[in-house]
Amino acid sequence: MVSIATTSTASSTAGAGNMKEAVSVLRRGGMVAFPTDTVWGVGVAVAFASGPEAIFDAKRRRADKPIAWLVGSPDALNVYGHDVPDYARNLAH
């Protein structure tokens with residue numbers, strides 16, 4: 001399931017509705033698409049998603065090509081990270 005959320009119009013009524021729909025999709029374990037400064041991104045809420053497979057499938061990305069996972073704190077690396085190198089942990093702190 002994909003929903004489009006545009007942060008540039010989040011203050012308008014339509015934009016707020018898009019954001020609420022995106023949050024709803026994420027909470028149901030779905031995937032959303034969102035604009036970044038260069039290209040469209042896709043994401044899931046890791047607390048609700050069954051795993052990253054939907055992103056790999058949507059992007060037609062090989063399983064051996066990693067994707068970026070953004071986490072809310074350095075401690076989240078212990079929860080969601082796998083084989084996180086020391087230099088990355090140091091950067092996170």
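Residues numbered from 1 in each chain as written. Predicted model: local features only at pLDDT ≥ 70, side-chain atom pairs only at ≥ 80, totals over all residues. Heavy atoms only, no water.

A.B. asks: Can you explain the overall build of the protein chain? Please cite residues and give values.
C.D. replies: Within the protein chain, the secondary structure is distributed over 4 helices and 3 strands. Each helix and strand of the protein chain, ordered N terminal to C terminal, gives the series β-α-β-β-α-α-α. Residues classed as buried in the protein chain amount to 25% of the 93 residues present. Taking the contacts inside the protein chain whose residues are at least 6 apart along the sequence as the reference set, 25% of them involve residues at least 24 apart. (Helix = DSSP H or I, 4+ residues; strand = E, 2+ residues; numbered from the N terminus. Buried < 20%, exposed > 50% of the residue type's maximum accessible area, 1.4 Å probe, protein only. Contact = heavy atoms within 4.5 Å.)

A.B. asks: A description of the environment of Arg-89 should follow, citing residues and the corresponding values.
C.D. replies: Its place among the elements puts Arg-89 in helix H4 (residues 86-92). Residue Arg-89 is classed as partly exposed on the basis of its relative accessible area, which comes to 27%. In this structure, the C-alpha to C-alpha distance between Arg-89 and Pro-74, residues 15 residues apart in sequence, is 7.1 Å. When near neighbours in sequence (up to four residues on either side) are disregarded, Arg-89 contacts Leu-77, Asn-78 and Val-84.

A.B. asks: I'd like a rundown of the pairing of strand S3 (residues 40-44), residues and numbers included.
C.D. replies: Alignment of strand S2 (residues 31-35) against S3, held across 5 bridges, turns out to be antiparallel. The partner of Pro-35 across the bridge, within S3, is Trp-40. Linking S2 back to S3 in an antiparallel pair, the connection comprises 4 residues. (Pairing = 2+ DSSP bridges.)

A.B. asks: Describe the pattern of salt bridges, naming the residues involved and giving the relevant values.
C.D. replies: Applying the stated criterion across every chain yields a total of 1 salt bridge. Between Asp-64 and Arg-62 there is a salt bridge, with its nearest N and O atoms 2.9 Å apart. With respect to burial, Asp-64 and Arg-62 carry one shared label: exposed. (Salt bridge = Lys/Arg side-chain N within 4 Å of Asp/Glu carboxyl O.)

A.B. asks: Please provide a residue-by-residue account of a nonpolar patch on the surface, values included.
C.D. replies: A contiguous nonpolar patch, built from Val-46, Trp-69, Val-71, Val-79 and Tyr-80 and spanning about 450 Å² of accessible area, is present on the exposed surface. Counting through the fold element by element, Trp-69 comes out in the loop between helix H2 (53-59) and helix H3 (76-80). Under the relative-accessibility criterion, Trp-69 is labelled partly exposed at 40%. (Patch = residues over 30% accessible without salt bridge, like charges linked within 9 Å, V, L, I, M, F, W, Y side chains within 5 Å. Areas by Shrake-Rupley, 256 points an atom, 1.4 Å probe, with all protein chains shown as cover.)

A.B. asks: With reference to specific residues and values, describe the nonpolar core.
C.D. replies: Looking at soluble globular proteins, one finds that nonpolar side chains tend to be buried together. Within the largest apolar cluster, 6 residues are counted, these being Met-31, Val-44, Ala-49, Ile-55, Phe-56 and Ile-67. Apart from the residues within four sequence positions on either side, Val-44 is in contact with Leu-26, Gly-30, Met-31, Ala-49, Ile-55 and Trp-69. Counting 5 residues, the second-largest nonpolar core is a separate cluster that includes Ala-22, Val-25, Val-32 and Ala-45. (Core = buried A, V, L, I, M, F, W, Y, C linked by side-chain atoms within 4.5 Å.)

A.B. asks: Requested: an account of unusual backbone geometry, with residues and values cited.
C.D. replies: Across the chain, the bulk of peptide bonds are trans and the bulk of non-glycine residues have phi less than zero. Even without being glycine, Arg-60 reaches a positive phi, approximately 50°. Within the element layout of this structure, Arg-60 appears in the loop between H2 and H3. Look at Asp-83: it is not a glycine, yet its phi comes out positive at around 55°. By the secondary structure assignment, Asp-83 is in the loop between H3 and H4. Classification of Asp-83 by relative accessible area gives exposed; the value is 68%.

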